[in-house]
Amino acid sequence: SYDPGKLALGANYYWRVDAVYADKTVKGLVWSFTTADFISVEDFESYNDIDPPDDGSNRIFESWIDGFGTTTNGALVGNDLPPYAEQSTVHGGDQSMPYIYDNNLKTSEATKTLTYPRDWTESGVTKLSLWFKGSPTNVAERIFVALNGNAVVYNDDPDAVLKPGWTEWAIDLQAFADQGVNLANVNTITIGFGTKGSPVAGGTGKVYIDDIRLYRP
């Protein structure tokens, strides 16, 4: 085995395995791979439909904490029945996050506590990107992202959740740093609808979220 250490983003690497005998070395074939040009925050691929108390349980709504059982948070993450993560409407890979919002005198928020990546400065990343897919049948509500609880950035398009195709939203990380977030230690990420902390009479809808990533300039 060999540990090359941390690899660079968007770089080509080459390797081979040689057979070493007492009197000679037989060179193996040269293999190569290219690292991704981003750091994945959440791709929704790891979630399953296993119910507790099985140790293998990793359901999407156990990581993305929504408003289930509350009267102030109108977010519900995951499908009602397995598969809990969406497997038909996806942007990349095999799964995305189905997200129902209900902003009738409440806001909708789903929050994930991060274990990795928490340093959002490594490798020179400066952008947070996520993909979402709405529907013309939704009631228009502003979509926002919050880091560490209260540093909030809103999407500029008030009708973004009405778009039926996959849409990328790229956010300059400096917008969170300007609100006091230590980008070297990001603890939580929240995706929400409405105006955070200011519930009003609003509407409902369903949005799919996928491929949350960090990019360099």
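Above this text is the structure in question.
Fair warning: this is a prediction, and the values are worked out from it, not measured in the lab. (Residues numbered from 1 in each chain as written. Predicted model: local features only at pLDDT ≥ 70, side-chain atom pairs only at ≥ 80, totals over all residues. Heavy atoms only, no water.)

(A) How the structure looks around the overall build of the protein. Of the regular secondary structure elements, the protein holds two helices and 15 strands. Taken over the C-alpha atoms alone, the protein extends approximately 80 × 40 × 30 Å along its principal axes. Taking all 217 residues of the protein together, 40% fall into the buried category. Long-range contacts, defined as pairs at least 24 residues apart, comprise 72% of the intrachain contacts of the protein with a sequence gap of at least 6. Summed over its atoms, the accessible surface of the protein is roughly 11,700 Å², and 52% of this surface lies on carbon and sulfur atoms. Counting 16 positive and 29 negative side-chain charges, the protein places the centres of these two groups 5 Å from one another. (Helix = DSSP H or I, 4+ residues; strand = E, 2+ residues; numbered from the N terminus. Buried < 20%, exposed > 50% of the residue type's maximum accessible area, 1.4 Å probe, protein only. Contact = heavy atoms within 4.5 Å. Areas by Shrake-Rupley, 256 points an atom, 1.4 Å probe, with all protein chains shown as cover. Lys, Arg positive; Asp, Glu negative; His and termini not counted. Charge placed at Lys NZ, Arg CZ, Asp CG, Glu CD.)

(B) Examining the environment of Ile 39 more closely. Mapped onto the elements, Ile 39 comes out in strand S5 (residues 38-42). Taking the C-alpha atoms as reference, Ile 39 lies 19 Å from Val 90; in sequence the two are 51 residues apart.

(C) The nonpolar core, seen in detail. Counting 42 residues, the largest nonpolar core has Trp 64, Trp 120, Leu 128, Phe 176 and Ile 212 as its most contacted members. Mapped onto this core, the elements with two or more residues apiece are S5, strand S8 (97-104), strand S10 (127-133), strand S11 (143-147), strand S12 (151-154), strand S13 (166-172), strand S14 (188-193) and strand S15 (201-215). If one sorts the elements of this core by residue count, S15 sits on top with four residues. In contact with Phe 176, other than residues within four places in its own chain, are Leu 128, Val 145, Leu 147, Ala 151, Val 153, Ile 171, Val 181 and Leu 183. (Core = buried A, V, L, I, M, F, W, Y, C linked by side-chain atoms within 4.5 Å.)

(D) Region of the structure containing the sheet that holds S11. Across the sheet, which stays open at both edges, the five strands sit in the order S6-S9-S14-S11-S12 with antiparallel pairing between neighbours. Here the strands that pair on one side only, and so sit at the sheet edges, are strand S6 (64-65) and S12. By the bridge criterion, two bridges tie S6 to strand S9 (residues 108-113) in an arrangement that is antiparallel. Bridge pairing links Ile 65 to Thr 111 in S9. (Pairing = 2+ DSSP bridges.)

(E) Inspection of unusual backbone geometry at higher detail. For the bond running from Pro 82 to Pro 83, omega is 0 degrees, close enough to zero to count as cis. Of note, Pro 83 is situated in the loop between strand S7 (76-77) and S8. Note that the residue after Tyr 116, namely Pro 117, is joined by a cis bond; omega there is -10 degrees. In this structure, Pro 117 sits in the loop between S9 and S10.

(F) Fine view of a nonpolar patch on the surface. A grouping of Trp 15, Val 17, Leu 29, Trp 31 and Phe 33 is seen on the molecular surface, where their side chains present a nonpolar patch of about 580 Å² in accessible area. Within the secondary structure, Phe 33 is located in strand S4 (residues 31-34). Looking at Phe 33, the relative accessible area reads 36%, which means it is partly exposed. (Patch = residues over 30% accessible without salt bridge, like charges linked within 9 Å, V, L, I, M, F, W, Y side chains within 5 Å. Salt bridge = Lys/Arg side-chain N within 4 Å of Asp/Glu carboxyl O.)

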